[in-house]
Every structure is written in C-alpha cells, then in structure tokens.
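Residue-level listing of the chains:
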Amino acid sequence: MTIAYVFGGMHNEGSAAAPMYEQRSAARDVYRQVEEWTGYDADQLLGRSKPPSGAPSRRVKALQQAAQAFAVHEVLAEHGVRPSVTGGLSLGALVAASVAGAVSREALFTLFARSWDESPEHRERTAGRAQGVAFVGMPVEEDPDGDAYAPERVGGSHRGVDLGPVGDGTMRCVMFSGYLDQLERLADALPPGHRVAKISPDLPATHSPIQQHIGEGMAARIAGMDFLDPRIPVCSCLESRTLTTAGDVRDLFLRITTTGVSVPKLLDGLRRHEPELAVVLGPSQFNRYLRSVVPVAHVERPGQVDAALEAVGAVGAVLAPHAV
C-alpha cells in the first residue's frame, strides 16, 4: 500500500509545535539533534524564546518548520509508519528530499542555519525598493506559466507560487512575487477576468529571480553537500516529474529559491504513484488541495497521531518495522 508524505511551504501560520515536543520523546530527540547541528535550542525552535540577535527571520522560520516536520516524522516512525513516496512545496520540497534519504538531516539543517543572509552590498543596492507578493485570482483554465504572464507583460512581477484551483473550482489562485512598485502595476497589466485579491508587503519576493543573491549564497553551500539517489520517489514542485537521482535532487536545491513552484505540478506527480493515503506532516494547508486526489491525514499535534494511525489501518497499509 502506498503512503505519501507531504510537506508545506515556509509561510504557513498557526504552527503549534510545543505540544508534540512536550508529549513525545521522539520529538524531543529531534530537537536535541537540531541544536547540536545549528546551535538553536528547543525554546528558540519552538518560538518560546528569541533567536540569536541578528538572525534572519527566514532562517529561523525554516529551522522551526523543518524541526517540527521531522519531529512528526519520528513520532509516526515509532509506530511503524513510513512513506512510499514524498513531496513538498518550497521549503517542504527540501525536507521531502531529506526524508527520502537524498540529503542527510545534518546537511539540511546546516544549510538552513547558514542561508538567507543578505550582504551589505545587496542591502545597499536594493535600499528603498521594498519587496512583496500579490495573490491573484484567475480562471482555472489559465496557464500561469504561459506567455501572457511573462514578467514583461505583468509589470515586471514573477509567478512565484501556483496554488491551483480554489473555492468552487472555477478560479485558481496564483501568488506573484516582485518589488512593490511592480506589484502595484500588476492589476492594470492582467487580462480581463483576473483580480488582485491581496498584496502583502511584508513578505520577500520568494521563488523569483529577485532572490538571486540568496540563491547564489545557497549554491556556494550546496556545492559542498553530498547528495544520494532517493530511497523513495520525490515528487517535484517545479515540474510535473519525479526525482529519482542525486543529480535531480541537487538541481531542485539549486533552482528552488529563484524558480516558481506549483501545487498542481506536485499533485500531478503524486497522482502518478497512486497513493492510497497522504499524510501531511507539520504546519501546512495542503489538506484543501489533496482531498480531491486522495484521503488525507494531517499530523501537527499529538492528538492527531491516533487519527493518522487509524487512517493508515483503514487503507490496509503494512507498517514498517520499528524506527531504527
């Protein structure tokens, strides 16, 4: 029986990691490991105390969310639950690659702990030009990768995240990334039947070439990382394909900072593996997208573990041996 593990992106709000940490020893073991690798202690990773002064907020969020995802993974592993296929969006795609054995956890957390620094030169170069994202509703049949949405046609902004169909399924939601002055021109540049629902000036222009400076910093660290062929398939969120080699995974790591990501493309990949259950680990809103594809169990809090185990039993999955 096929179980898919799915991990959300970095901007999910409402995370509640502390109860799992407090109630499950397997979760606490993960946080102890992460502290050894990164220097961030459990209170900082749980948001109960302030991180080191000057630490970029994106670095802290990445460490917090990844730690929570692996904590849930280990709690489920104690009960013999293992994935047959995995995938994630944005940060979640990198976590999924590690869950598949293509990158060690130590290497992944070390990368997160040292990434997202901005050089003084970059800050000076972009001073006074704020970034942001805009959420756009468009007809569901539209292809946000098409020529109509090329940056030069939509005010210079970039398609950052395609969230796919929303609401009654007649519209899709796409997040565009750019500088705020570009996003303010977006509404006038879009074809009829499109609507800018919200502009968030407090978020970086993620998954766009505007993040090239961060991508270059990550690339320098990725060059020193060891990649292996995944032990289980990893579904990409960059294209509708499955990553099966070390080179595939390295390419994902190198491109994901500056390349648009897509929920529909990730779901297309998962469908090909015909999972009978999808388990969403840690903070995520993937439930709303996955339910049309496969039954879903979401595990973020201790009280959701038993429900997930019942869901595993309901699809007749054979549990793996006790976690090693």
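Scroll up to find the structure.
Nothing here was measured: the structure is a model prediction, and the numbers come from that model. Residue positions are given per chain, counting from 1 as you read along its sequence in written order. Owing to the predicted nature of the model, reporting of local features is limited to residues with pLDDT of at least 70; listing and counting of side-chain atom pairs is limited to 80 or more, with chain, interface and lining totals taken over all residues. The basis for every side-chain value is the complete set of heavy atoms in the structure, and neither hydrogens nor water enter the calculation.

**Side note on the sheet that holds strand β2 (residues 85-88)**
DSSP-based pairing: two strands are paired if at least 2 bridges between them are found. A run of DSSP states H or I qualifies as a helix once it reaches four residues; a run of E qualifies as a strand once it reaches two. Both are numbered from the N-terminal end. Pairing in this open sheet of 6 strands is mixed, and the strands run β8-β7-β2-β1-β10-β11 from one edge to the other. Strands at the two margins of the open sheet, each flanked by one partner only, are β8 (242-243) and β11 (296-299). Bridge count for strand β1 (residues 3-7) against β2 is 4 bridges, and the pairing is parallel. Each residue of the ladder has a partner; that of Y5, found in β2, is T86.

**Considerations on the pairing of strand β5 (residues 171-179)**
For each residue, the accessible area found with a 1.4 Å probe, counting protein chains only, is set against the maximum for its type, and the residue is called buried under 20%, exposed over 50%, and partly exposed in between. Most of β5 sits inside the fold, with 8 of its 9 residues counted as buried. One ladder, built from 7 bridges, connects strand β4 (residues 158-166) with β5; its direction is antiparallel. Bridge pairing links V161 to M175 in β5. In this antiparallel pair of consecutive strands, β4 and β5, the connection spans 4 residues, and G167 shows a positive phi of 60°.

**So, the sheet that holds β4**
What holds strands together in a sheet is hydrogen bonding between their backbones, with the strands either parallel or antiparallel. The strand order β6-β3-β5-β4-β9 describes an open sheet built from 5 strands, whose pairing is mixed. If you trace the sheet from one side to the other, it starts and ends with β6 (195-200) and β9 (261-262), each paired once. Pairing analysis gives 9 bridges linking strand β3 (residues 131-139) to β5, with the strands arranged antiparallel. Paired with F135 across the strands is M175, a residue of β5. Contacts are assigned to residue pairs with any non-hydrogen atoms lying within 4.5 Å of each other. The angle between two axes is taken between their N-to-C directions and runs from 0 to 180 degrees, where each axis is a line fitted to C-alpha atoms and a helix contributes only its stretch in contact. Lying on the sheet, helix α8 (residues 180-189) is in contact with β3, β5 and β6; it crosses β5 at an angle near 145°. Lying on the sheet, helix α11 (residues 263-272) is in contact with β4, β5 and β9; it crosses β4 at an angle near 60°.

**Section: unusual backbone geometry**
Even without a glycine there, the phi angle at S90 is positive, about 60°. Although it is not a glycine, H207 sits at a positive phi angle of roughly 55°. Here H207 lies in the loop between β6 and α9 (212-222).

**Looking at the environment of H207**
Take H207: its relative accessible area is 9%, and that puts it in the buried class. Along the primary structure H207 and R159 are separated by 48 residues, whereas in three dimensions their C-alpha atoms are 8.0 Å apart. In this structure H207 touches S90, R159, G160, V161, I256, T257, T258, T259, G260 and V261, once residues within four positions along its chain are discounted. Looking at H207, its side chain comes within polar contact range of the main-chain oxygen of I256, at 2.7 Å. Polar contacts here mean pairs of N or O atoms no more than 3.5 Å apart (in protein, one a potential hydrogen donor and the other a potential acceptor; neighbouring residues in sequence count only if both atoms are side-chain atoms). Only 3.4 Å separates the side chain of H207 from the backbone oxygen of T259, close enough to count as a polar contact.

**A look at the nonpolar core**
Side-chain atoms within 4.5 Å link the members of a nonpolar core, which is a set of buried Ala, Val, Leu, Ile, Met, Phe, Trp, Tyr and Cys residues. Of all hydrophobic cores here, the largest spans 90 residues; its most connected members are Y31, L76, V95, F253, L270, F286 and L290. For this core, the leading source of residues is helix α4 (residues 57-78), giving 11 residues. Among all residues touching V95, those that are not within four sequence positions of it are F7, A66, A69, F70 and L108. In terms of nonpolar packing, the next biggest core, distinct from the first, is built from 11 residues, Y149, V174, L186 and L190 among them.

**Some details on the packing of aromatic side chains**
Centres within 6.5 Å make a pair out of two Phe, Tyr or Trp rings, where for Trp the six-membered ring is used; the pair is then stacked when the planes are under 30 degrees apart, edge-to-face when over 60, and tilted otherwise. This structure, assessed with the given rule, holds 7 aromatic pairs. Judged by centre distance (6.4 Å) and plane angle (80°), the rings of F109 and F112 are edge-to-face. Placement of both F109 and F112 in helix α6 (residues 105-114) is noted, with a separation of 3 residues, approximately one turn of the helix. Assigned by exposure class, F109 and F112 land together as buried. By way of ring pairs, the aromatic residues W37, F70, F109 and F112 are connected into one cluster.

**Concerning the packing of α4 against α6**
Relative orientation of the contacting elements α4 and α6 amounts to 160°, with a least axis distance of 8 Å. On the basis of their axis angle, the class for α4 and α6 is roughly antiparallel. On α6, the residues touching R59, A62, L63, A66, A67, F70, H73 and E74 of α4 are R105, L108, F109, F112, A113 and R114. Amino acid classes used here: Ala, Val, Leu, Ile, Met, Phe, Trp, Tyr, Cys and Pro are nonpolar; Asp, Glu, Lys and Arg are charged; the rest, including Gly, are polar. Grouping the amino acids of the contact of α4 with α6 by side-chain chemistry returns 9 nonpolar, 1 polar and 4 charged. By the definition adopted for this analysis, an angle is roughly parallel if under 35 degrees, roughly antiparallel if over 145, roughly perpendicular if from 65 to 115, and oblique otherwise.

**Structural notes on the pattern of salt bridges**
In what follows, salt bridge is the name for a side-chain nitrogen of Lys or Arg lying within 4 Å of a carboxyl oxygen of Asp or Glu. Taken as a whole and judged by the stated rule, the model has 14 salt bridges. Across the salt bridge formed by R105 and E74, the nearest N and O atoms sit 2.6 Å from each other. Residue R105 is located in helix α6, and its partner E74 is located in helix α4; the two are separated by 31 residues in the primary sequence. In this structure E74 comes out as buried when scored by relative accessible area, which is 16%. Close ionic contact of R172 with D162 constitutes a salt bridge, the shortest N to O distance being 2.7 Å. Of the two residues, R172 is situated in strand β5 and D162 in strand β4; the sequence distance between them amounts to 10 residues. Just as R172 is buried, D162 falls in that class too.

**Describing the pairing of β2**
Of the two faces of β2, the one holding V85 and G87 and the one holding T86 and G88 are both buried throughout. Examined bridge by bridge, β2 and strand β7 (residues 234-235) share 2 bridges and lie parallel to one another. Each residue of the ladder has a partner; that of G87, found in β7, is C235.

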